[in-house]
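Read off the chains here:
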Amino acid sequence: MDDVHALARSTSRRLVVLYGSETGNSQDVAERVVREAKARHYAPVFMPMESYDVRTLPSERYVVFVTSTTGQGDEPKNMKSFWRFLLRRGLSTSALTNVSYSVFGLGDSGYQKYNIVAKKLFRRLEGLGAHAVHELGLGDDQHPLGYEAALNPWLSGLWKAMRQICPLPVQLNDPSDEELANAPLPAARFQIDVTDSAGVEAETSREHFERLLEAHRALRIAVAAADACDASVMFSKSEYEARDCREKTYYDGSVRENRCLTSKDAVKDVHHLEFESADGSTLAYEPGDVLGVVPFAIGADDERVAQLIERLGMSSDAWVRYLIAGGVDIDSASPRRYFFEAMSHFAEEKHEKERLQYFASAEGAVDLYKYNQRERRTVCEIFDDFSSLKPTLEWLLQVCPHLHERYYSISSSPAADTAQTGAIHITVASVKWTTPMKRERTGLCSSWLTSIDTGTKIAFSICKGSISLSPPEVPLILVGPGTGIAPFRSFVRSRMLETAGSSTAGDILVIFGCRDDQRDYLYKEEWEKLEDSGSLVGSNGLGGIVVAFSRAPGQTKKYVQDRIKDEAKRVWTLLESGAKVFVAGSAEKMPTAVRMAIQDVVKTHGSLDDEESARYVNKLDMSGRYFVDAW
Ligand SMILES: Cc1cc2nc3c(=O)[nH]c(=O)nc-3n(C[C@H](O)[C@H](O)[C@H](O)COP(=O)(O)OP(=O)(O)OC[C@H]3O[C@@H](n4cnc5c(N)ncnc54)[C@H](O)[C@@H]3O)c2cc1C
Ligand SMILES: Cc1cc2nc3c(=O)[nH]c(=O)nc-3n(C[C@H](O)[C@H](O)[C@H](O)COP(=O)(O)O)c2cc1C
């Protein structure tokens, strides 16, 4: 028996699974590849691309890559260094001839550069001499079943193709579908030991907040340690924390102001929030930077937390309550497919077990989508529907959606606002929608932030944004519909301070978009004041604010792209005098529509044809004069 196990772990079946992920989906897919690989007697090694020593890639035999595309066709942060290495000119076209690889990409076909990172990675590996085991897989958020629709057939194709090049020794067999479905649950990824639960109970709101934060960090560290273990690398808590702090600065703070910017009958509530640090420490950032918030929307004393703990068969000790409230999202996000697979092992009623197994199977994917993702079913609701479900705390923490940070563009100026008042501003639109079964749903963080009381304790981080303010003499074209205006409020307020009284200041043309003048014209008074005082006008005499109203009574619908065309001459003159273009806001159709509008302006006023005008805009991109910060 031992021989068979040793055989099963044979290094000749080492399979390296590398992922690049911005929000966790690709990591989730990579974890699934690892689970399925283990069941098929491979010896998987799993990690983000940045943690892998890329110099050893030529000596690997089998590598599976899973990567998303983020930003406007960009690589996720945790694959950037790996990708840079692969792009080195000096690499030979036979550098990876030993490697058999496959790539699964996650993307959204609503974006112009659909799955571009996976496509480029696939081609580059081929160009370096590696052999594709299987065709490129492309998961699409736009598909009704999400990326799973392409993943399921891609995975079964992958395992078939892999078996051709990596046959099993005669003593081992591939598991049948039935064996796979009935495979025992592996050990949980981490274990929880209670060393000392005395003093966990919080008395004050500050202590309560600190416990949530502690629990949140503890779970993140446990996950990072489990990831390191899967990757067969050493894990050091202090190194992990030091790296985290290099990327962002963490603050303990509180809410100083929460003001609604929209009218009661607006379609979306948008709020202006101001935070300050609890200990008065300086909030250091640059215009264009981003603030991260962990949404502690559910308290440890919440009834839903207590009910869940009861289902785990545990006593409602403070440490369990904080671990659940601070670590996982039980009342907003929908869990992933693996939640149903893992939970099927904990259902005591046969029919519930079978239903969960069905949801986790390939045949159940459509029904799972309809029940879970499309309805944004929460963990609490699933526990209500499956009353015999009694998992362990370890498994609940492993497969529940984890509470994660949301990012907001900072809308204040470091010098003009924060240095004066100690506060940092963000502009938050409350996310709300109705599911096909007419259930009202809200975004976790935005609905929490927009309803939060002043004085509430809040943990936030500040990290580098993807855009930054140019020197004062550079003209700016800032296109920001809706909350896309947030980073540009920071730009403009910073510029106003820098250039007060200067005759060489560059013009600032702000192009904002909303539904109408009365309901959702964000920071209307501020913009009107700047327009009236001529403060946005610079050396070309062309600065100002232009607003696109898409639902103004009695007026034609206008979006920012339409207003760019209306102001074509102004836009063209600014471009020709060296203006930089910044676009921020919804990542869906807006950035492409704006780009097309700018191209149109260039074509008309520059007397260029389609190809030449596209080249002109591409050149703006390449020369660092065209930026998109979309979400
Ligand atoms: C760099 C960056 C800067 C950002 N700046 C800002 C900013 O300045 N202001 C701002 O308001 N936001 C900003 N965001 C977005 C913000 O981070 C959050 O994504 C947003 O507030 C939603 O978070 P939430 O927790 O409320 O929603 P979540 O609980 O995360 O829910 C959002 C999810 O709900 C689902 N969903 C939402 N609407 C629908 C629908 N109509 N139909 C079906 N499903 C739907 C989608 O799956 C969506 O991903 C920024 C994001 C990034 C990455
Ligand atoms: C801010 C943002 C930008 C995105 N940009 C692109 C893009 O340019 N092209 C694309 O195909 N998908 C894009 N996507 C879709 C993601 O690739 C997709 O949601 C994927 O599942 C995310 O996987 P991850 O969590 O592993 O990063 C974007 C998603 C977000 C939130």
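These numbers come from a predicted model, not from an experiment.

A. Main features of the site of ligand 1. Not every one of the 18 residues close to ligand 1 is listed here, only the nearest: Arg376, Arg406, Tyr407, Tyr408 and Ser446. Take Ser409: an N or O atom from its main chain is 3.2 Å from a nitrogen atom of ligand 1. At 2.8 Å, a backbone N or O of Thr427 approaches a nitrogen atom of ligand 1. In isolation ligand 1 offers 990 Å² of accessible surface; the protein chains occlude 64% of this area. Contributions of two or more residues to the shell around ligand 1 are made by β10 (406-409), β11 (423-429) and α17 (444-451). Ranked by residue count, the leading element in the shell around ligand 1 is β10, at four residues. Looking at the shell around ligand 1 residue by residue, the classes come out as 10 nonpolar, six polar and two charged.

B. Molecular detail of the site of ligand 2. Around ligand 2, the structure places 22 residues, and the nearest of them are Ser21, Thr23, Thr69, Gly71 and Asp141. Side-chain polar atom of Ser68 to an oxygen atom of ligand 2: 2.8 Å apart, as the coordinates give it. Lys113 places a polar main-chain atom, nitrogen or oxygen, 3.0 Å from a nitrogen atom of ligand 2. Here ligand 2 loses 87% of its free accessible area of 650 Å² to cover by the protein chains. Broken down by class, the residue content of the shell around ligand 2 amounts to five nonpolar, 13 polar and four charged.

C. Examining the domain arrangement of the chain more closely. Along its sequence, the chain is carved into domain 1 (2-176) and domain 2 (476-630). For domain 1 and domain 2, the distance between their C-alpha centres works out to 41 Å. Taken together, the contact between domain 1 and domain 2 spans four residues of the former and seven residues of the latter. Summed over both partners, the interface of domain 1 with domain 2 comes to about 430 Å²; 47% of that surface belongs to carbon and sulfur atoms. Its largest share of buried area at the contact with domain 2, domain 1 owes to Gln72, Tyr111 and Gln112, together 83% of the area lost on that side.

Each value, and the rule that gives it
Residues take numbers from 1 onward in each chain, read along the sequence in its written order. Think of it this way: whatever chain is written first is A, whatever ligand is written first is 1, and the rest follow in order. Local features in this predicted model are restricted to residues whose pLDDT is 70 or higher, and side-chain atom pairs enter the listing and the counts only when it is 80 or higher, whereas totals over whole chains, interfaces and linings include all residues. Hydrogens and water molecules were not included; the side-chain quantities draw on all heavy atoms of the structure. Residue proximity to a molecule or strand is established when one non-hydrogen atom of the residue lies within 4 Å of it. A 3.5 Å cut-off defines polar contacts: any pair of N or O atoms within that distance qualifies, except that in protein one atom must be a possible hydrogen donor and the other a possible acceptor, and neighbouring residues in sequence count only when both atoms are side-chain atoms. Working definition of accessibility: Shrake-Rupley area with a 1.4 Å probe, residue cover restricted to the visible protein chains. Numbering of helices and strands runs from the N terminus; a helix is a DSSP stretch of H or I covering at least four residues, while a strand is a stretch of E covering at least two. Gly falls in the polar group here, along with every residue not listed as nonpolar (Ala, Val, Leu, Ile, Met, Phe, Trp, Tyr, Cys, Pro) or charged (Asp, Glu, Lys, Arg). Domain segmentation is taken from an automatic or database assignment of domains. The contact criterion used throughout is that any non-hydrogen atoms of two residues lie within 4.5 Å. The term buried area means the drop in 1.4 Å probe accessible area that two parts suffer when joined, counted for both and summed.

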